[in-house]
Amino acid sequence: QVQLIESGGGSAQAGGSLRLSCVPSERTFSVSNMAMAWFRQGPGREREFIAALSTSGGGTSNYANSVKGRFFISRDSAKNTVFLQMNSLKLDDTAVYYCAARRWTYSHASKDYSYWGQGTQVTVSS
């Protein structure tokens, strides 16, 4: 099965920014033909929905209230890459961030996604 590979995680100060990237393990897997999403799981918490993006033809995005206005999901079709731009980082943003993909429409439920990455750690400190 195709795997997704996240990168760009690391440490940041509160109020700072990070950009995460997600690429498939096989070039023949097109992120433009899939609904893409980002989830995260913080210490002692369940995996939660963060952001989703429809197929490139649809061009619509959706965000959790906790990150709305701060995080932005986007797709670079030429590079076959999905991004999560994270601005105005807060301490509560500390978590492992996962990239996910599914056919057709996006969803807020992790069970609905067929393809996942291993996750990348984001740590925010004061």
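Up top you'll find the structure we're talking about.
Residues numbered from 1 in each chain as written. Predicted model: local features only at pLDDT ≥ 70, side-chain atom pairs only at ≥ 80, totals over all residues. Heavy atoms only, no water.

A. View of the overall build of the chain. When you go through the chain residue by residue, the secondary structure sums to zero helices and 11 strands. When the elements of the chain are put in sequence order from the N terminus, they spell out β-β-β-β-β-β-β-β-β-β-β. Each of the three principal axes of the chain carries a C-alpha extent, and together these read 40 × 25 × 25 Å. Residues classed as buried in the chain amount to 45% of the 126 residues present. Long-range contacts, defined here as pairs at least 24 residues apart, represent 58% of the contacts in the chain between residues at least 6 apart. Accessible surface for the chain amounts to roughly 6400 Å². Of this, 46% is attributable to carbon and sulfur atoms. Counting 13 positive and 8 negative side-chain charges, the chain places the averaged centre of each group 4 Å from the other. (Helix = DSSP H or I, 4+ residues; strand = E, 2+ residues; numbered from the N terminus. Buried < 20%, exposed > 50% of the residue type's maximum accessible area, 1.4 Å probe, protein only. Contact = heavy atoms within 4.5 Å. Areas by Shrake-Rupley, 256 points an atom, 1.4 Å probe, with all protein chains shown as cover. Lys, Arg positive; Asp, Glu negative; His and termini not counted. Charge placed at Lys NZ, Arg CZ, Asp CG, Glu CD.)

B. Structural detail: the pairing of strand β3 (residues 18–24). Counting buried positions along β3 gives five out of seven residues, so the element sits mostly inside the fold. Where strand β1 (residues 4–7) lies against β3, four bridges are found, and the strand directions are antiparallel. Bridge pairing links S7 to S21 in β3. Sheet analysis places β3 next to strand β8 (residues 81–86), joined by five bridges and oriented antiparallel. Bridging from a neighbouring strand, C22 pairs with V82 of β8. (Pairing = 2+ DSSP bridges.)

C. Up close: the state of the cysteines. Scanning the entire structure with this criterion turns up one disulfide. Residue C22 pairs covalently with C99 via a disulfide, S to S 2.0 Å. Because the torsion about its S-S bond is -80°, the bridge between C22 and C99 counts as left-handed. Separated by 77 residues along the polypeptide, C22 in strand β3 and C99 in strand β9 (residues 95–102) bring together distant segments of the chain. Residue classification places C99 among the buried residues on the basis of a relative accessible area of 0%. (Disulfide = S-S within 2.5 Å.)

D. Layout of the nonpolar core. Formed by 38 residues in total, the largest nonpolar core has its most connected members in L4, M36, W38, F71, L84, M86 and Y97. Counting only elements with at least two residues in this core, the list comes to β3, β4 (35–41), β5 (48–53), β7 (71–76), β8, β9, β10 (115–116) and β11 (120–125). Counting residues per element, this core draws most heavily on β9, which supplies six residues. For L4, the residues in contact, after removing those within four places along its chain, are C22, V23, P24, F29, M36, C99, A100, A101, Y115, W116, G117 and Q118. (Core = buried A, V, L, I, M, F, W, Y, C linked by side-chain atoms within 4.5 Å.)

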